[in-house]
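Now for the letters of each chain:
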Amino acid sequence: MIGSLVSSLILYGIFVMTDNGALLVFVLLGLLISFVCAMLFLSGK
């Protein structure tokens, strides 16, 4: 969960510097993975 958040943050930083719209897909995918992991952690599964 922490790893996907950190990778999303790094990719977002690269997106801000390069203004490459293709990186937003990977940023959103990383955030989705961390959200799912957090929900599974909170539900106890």
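Below is a short write-up of the structure. The structure displayed is predicted, hence computed values, not measured ones. (Residues numbered from 1 in each chain as written. Predicted model: local features only at pLDDT ≥ 70, side-chain atom pairs only at ≥ 80, totals over all residues. Heavy atoms only, no water.)

### Thoughts on a nonpolar patch on the surface
Here comes step 1: A surface patch of nonpolar side chains, about 1,100 Å² in accessible area, is lined by Val25, Phe26, Leu29, Leu32, Ile33, Phe35, Val36, Met39, Leu40, Phe41 and Leu42.
Here comes step 2: Residue classification places valine 36 among the partly exposed residues on the basis of a relative accessible area of 41%. (Patch = residues over 30% accessible without salt bridge, like charges linked within 9 Å, V, L, I, M, F, W, Y side chains within 5 Å. Areas by Shrake-Rupley, 256 points an atom, 1.4 Å probe, with all protein chains shown as cover. Salt bridge = Lys/Arg side-chain N within 4 Å of Asp/Glu carboxyl O. Buried < 20%, exposed > 50% of the residue type's maximum accessible area, 1.4 Å probe, protein only.)

### Comments concerning the packing of helix α1 (residues 2-18) against helix α2 (residues 23-43)
When two helices pack together, their arrangement is captured by the angle between the axes and the distance separating the axes.
Here comes step 1: At a minimum axis separation of 8 Å, α1 and α2 run at an interaxial angle of 160°. The angle between the axes of α1 and α2 places the two elements in the roughly antiparallel class. The two elements α1 and α2 cross, and the hand of that crossing is left-handed. Only Leu23, Leu24, Phe26, Val27, Gly30, Leu31, Ile33 and Ser34 of α2 make contact with α1, whose side of the interface consists of Ser4, Leu5, Ser8, Leu11, Tyr12, Ile14, Phe15 and Thr18. (Axes fitted to C-alpha atoms, helices over the stretch in contact; angles between N-to-C directions. Helix = DSSP H or I, 4+ residues; strand = E, 2+ residues; numbered from the N terminus. Parallel < 35°, antiparallel > 145°, perpendicular 65-115°, else oblique. Left-handed = near helix turned anticlockwise from the far one by under 90°. Contact = heavy atoms within 4.5 Å.)

### Describing α1
Here comes step 1: When the terminal C-alpha atoms of α1 are compared, their 24 Å separation across 17 residues agrees well with the 24 Å that a helix rising 1.5 Å per residue should span.
Here comes step 2: Residues of α1 that are buried: Ser4, Ser8 and Phe15. Taken around the axis of α1, the buried residues stretch over an arc of 40°, which confines them to a single face. Along α1, exposed side chains directed more than 90 degrees from the buried face belong to Ile2, Gly3, Leu9, Ile10, Val16 and Met17.
Here comes step 3: Buried residues in α1 make contact with α2.
Here comes step 4: Of the residues trailing α1, aspartate 19 is marked for its positive phi of about 60°. (Expected span 1.5 Å × (residues − 1). Arc of directions from axis to C-beta.)

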